[in-house]
Amino acid sequence: MALGSTIGVGLFLGSASAIQIAGPSILLGYLLAGIVAFIVLRALGEMAVHEPVAGSFAAYANTYVGLLAGYMVGWGYWTYWIVVGIAEVTAVGIYMGIWFPESPQWIWALSSILMMGLINLIAVKVFGEFEFWFALIKVVAIVAMIALGGSVIFFGFANDWNPIGFANLWQHGGFFPNGISGMLLSLQMVLFAYVGIEMIGLSAGEAENPRKTIPMAIDSLAWRILIFYMGAILVILAIFPWNEVGQQGSPFVVMFERIGLREAAGIINFVVITAALSSCNAGIFSGGRILYALSVNGYAPSPFAKLSRYGVPHRAVMVTVAICMTGVVLNYFVPDKAFQYIMAAVTFVGLMVWIAILFTQIQFRRSLTKDQVAELAYRTPWWPYSSWFALAFIALVVVLMGFHEDARIALVLGPCLLGVYLAMFYIIGLHRKTKLSREFK
């Protein structure tokens, strides 16, 4: 699920916006962001292997930082999956516009939310079947696209059988056509693509042998995603100039049209739609379960803790779907800007969760003795420099969001949302359970 939920609009659609800002240097951005994502995963994995719990990073924040931190991380992660769902259905509307250019974008967004919500309300087994096939379709499609693109680059195809090579990476303005600043400004879009891999930590409590399976999953997931992203983007940038990417929808669809495979382009359009639906499906599933867990722990209203006869937290799922409906409103009023706004919101909330994971891991390390550190079965490499580097990198991206017009709104709405959650913390009386609210610094 972590692999499936991460390979979504961030790769298929968000990459186009990032390429327009950075040009070929976006490859460097994906590499740097991939390294930071790997550090975050290793920091989470270090705690998960040492102390596997179902609540993952929210539970660790509650233990090693305090009740307020655990509460804020839990609600923040629920918000993240809400916004992910909105982003994915927005992408569905954009993709469907390729086939039905006269239809309103919001119609497809609404249909997608209702369909995925219904799937999540039926039973966990049904959700699992849909998610398995959704994830399989897009992973196979990306592998096939990289293989086909590689043959075009090295051997030639639909280009009088002349190899295209990699000249497009430094032609048309060079590797940094918009300067170093262009690459830096694209980082928030690049990180948007990687946010979601921390979902792997949610399975730590249910793993049969977490000391073996969690490290294996984290290490393999990190390099697989890096290959998928960098491999796919490298192929696209090599086949046609960076300044032509994203002008006609998904760069993946346009790539197949470019080399003369229009039927394959239609298939890829179907693939990217299933990719978006997959991530939306995972978002509603995760959002409903997180809201249910918040309710069980007394962090949310108690009615959300009720399960249906199929074992589904139906009330929590329905509330999650209802909040996702705000995406339909955005697609109705600002269809041209909806995706950029939502992508910025996803990135901001996701980065706050990453910051919480890294800070919690630092506090976790400080709570251990030297002997306990020596006994850790799975450690973050280059500690403590790696964790501090990742924190500094994320902080830089948050600052850079203020220089991007479409992302700036997230820096306003994000803190406001955190303020609402903080007010709820006091309203429902959780502050009386701890002195943390007066001592937290």
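Residues numbered from 1 in each chain as written. Predicted model: local features only at pLDDT ≥ 70, side-chain atom pairs only at ≥ 80, totals over all residues. Heavy atoms only, no water.

A. Region of interest: the confidence of the model for the chain. Looking at the chain as a whole, the pLDDT averages 78, with 82% of positions reaching at least 70. Of all secondary-structure elements in the chain, the lowest mean pLDDT belongs to helix α20 (residues 436–439), at 32, while helix α18 (residues 385–401) reaches the highest, 91. (pLDDT = per-residue confidence, 0-100. Helix = DSSP H or I, 4+ residues; strand = E, 2+ residues; numbered from the N terminus.)

B. Local environment of the pattern of salt bridges. One pass over the structure, following the stated rule, counts two salt bridges. Put simply, D219 and R42 hold a salt bridge, and the shortest N to O gap is 3.5 Å. One end of the pair, D219, is in helix α11 (residues 210–239); the other, R42, is in helix α4 (residues 26–50), and 177 residues separate them in sequence. The class for R42 is buried, based on a relative accessible area of 13%. (Salt bridge = Lys/Arg side-chain N within 4 Å of Asp/Glu carboxyl O. Buried < 20%, exposed > 50% of the residue type's maximum accessible area, 1.4 Å probe, protein only.)

C. A look at the packing of α4 against α18. The interhelical angle for the contact between α4 and α18, taken along N-to-C directions, is 125 degrees, at an axis separation of 9 Å. By the angle between their directions, the pair α4 and α18 is classed as oblique. The element α4 and its partner α18 pack so that their crossing is left-handed. Contact residues: α4 offers L32, A33, V36 and I39, while α18 offers S386, S387, F389, A390, F393 and I394. Here the contact of α4 with α18 is composed, by residue class, of eight nonpolar, two polar and no charged. (Axes fitted to C-alpha atoms, helices over the stretch in contact; angles between N-to-C directions. Parallel < 35°, antiparallel > 145°, perpendicular 65-115°, else oblique. Left-handed = near helix turned anticlockwise from the far one by under 90°. Contact = heavy atoms within 4.5 Å. Nonpolar A, V, L, I, M, F, W, Y, C, P; charged D, E, K, R; others polar.)

D. Structural view of a nonpolar patch on the surface. Where nonpolar side chains cluster on the molecular surface, the patch consists of L28, L31, I35, F176, I180 and F389 and spans about 460 Å² of accessible area. Among the elements that make up the nonpolar patch, the one with the highest residue count is α4 (three residues). Of note, I180 is situated in helix α9 (residues 179–185). Accessibility expressed as a relative area gives 48% for I180, which makes it partly exposed. (Patch = residues over 30% accessible without salt bridge, like charges linked within 9 Å, V, L, I, M, F, W, Y side chains within 5 Å. Areas by Shrake-Rupley, 256 points an atom, 1.4 Å probe, with all protein chains shown as cover.)

E. The arrangement of unusual backbone geometry in detail. With an omega of -5 degrees, the peptide bond between W383 and P384 qualifies as cis. Among the secondary structure elements, P384 is positioned in the loop between α17 (370–374) and α18. At H172, a position not held by glycine, the phi torsion is positive, near 60 degrees. Tracing the backbone shows H172 in the loop between α8 (124–154) and α9.

F. Structural context of the packing of aromatic side chains. Counted by the stated rule, this structure contains 15 aromatic pairs. Where W75 meets W78, the ring centres are 5.4 Å apart and the plane angle is 90 degrees; that geometry is what we call edge-to-face. Placement of the pair is W75 and W78 together in helix α6 (residues 67–99), with a separation of three residues, close to one helical turn. Note on W78: relative accessible area 8%, which makes it buried. Aromatic side chains F425 and Y426 sit 5.7 Å apart centroid to centroid with 80 degrees between the ring planes, which places their arrangement in the edge-to-face category. Judged by relative accessible area, which is 0%, F425 ranks as buried. (Phe/Tyr/Trp six-rings, centres within 6.5 Å; stacked < 30°, edge-to-face > 60°.)

G. Just the environment of R315, in detail. Mapped onto the elements of the fold, R315 is located in helix α14 (residues 314–324). For the pair R315 and A305, spaced 10 residues apart in sequence, the C-alpha separation works out to 7.8 Å. Sequence-distant contacts of R315, that is, excluding residues within four places in its chain, are made with P303, F304 and K306.

H. Quick peek at the nonpolar core. The biggest cluster of nonpolar side chains holds 129 residues, and the ones touching the most others in it are I26, W75, Y194 and W354. Counting residues per element, this core draws most heavily on α6, which supplies 21 residues. Not counting chain neighbours up to four residues away, the residues in contact with W354 comprise V36, A37, V40, L191, Y194, V195, I197, E198 and I394. (Core = buried A, V, L, I, M, F, W, Y, C linked by side-chain atoms within 4.5 Å.)

I. Region of the structure containing the packing of helix α7 (residues 105–122) against helix α15 (residues 326–333). Two elements in contact, α7 and α15, have axes separated by 8 Å at closest approach and are oriented at 170 degrees. Relative to α15, the element α7 is oriented roughly antiparallel. Two secondary-structure elements touch here, α7 through Q105, W106, A109, L110 and I113 and α15 through V328, N331 and Y332. Looking at the contact of α7 with α15 residue by residue, the class counts come to six nonpolar, two polar and no charged.

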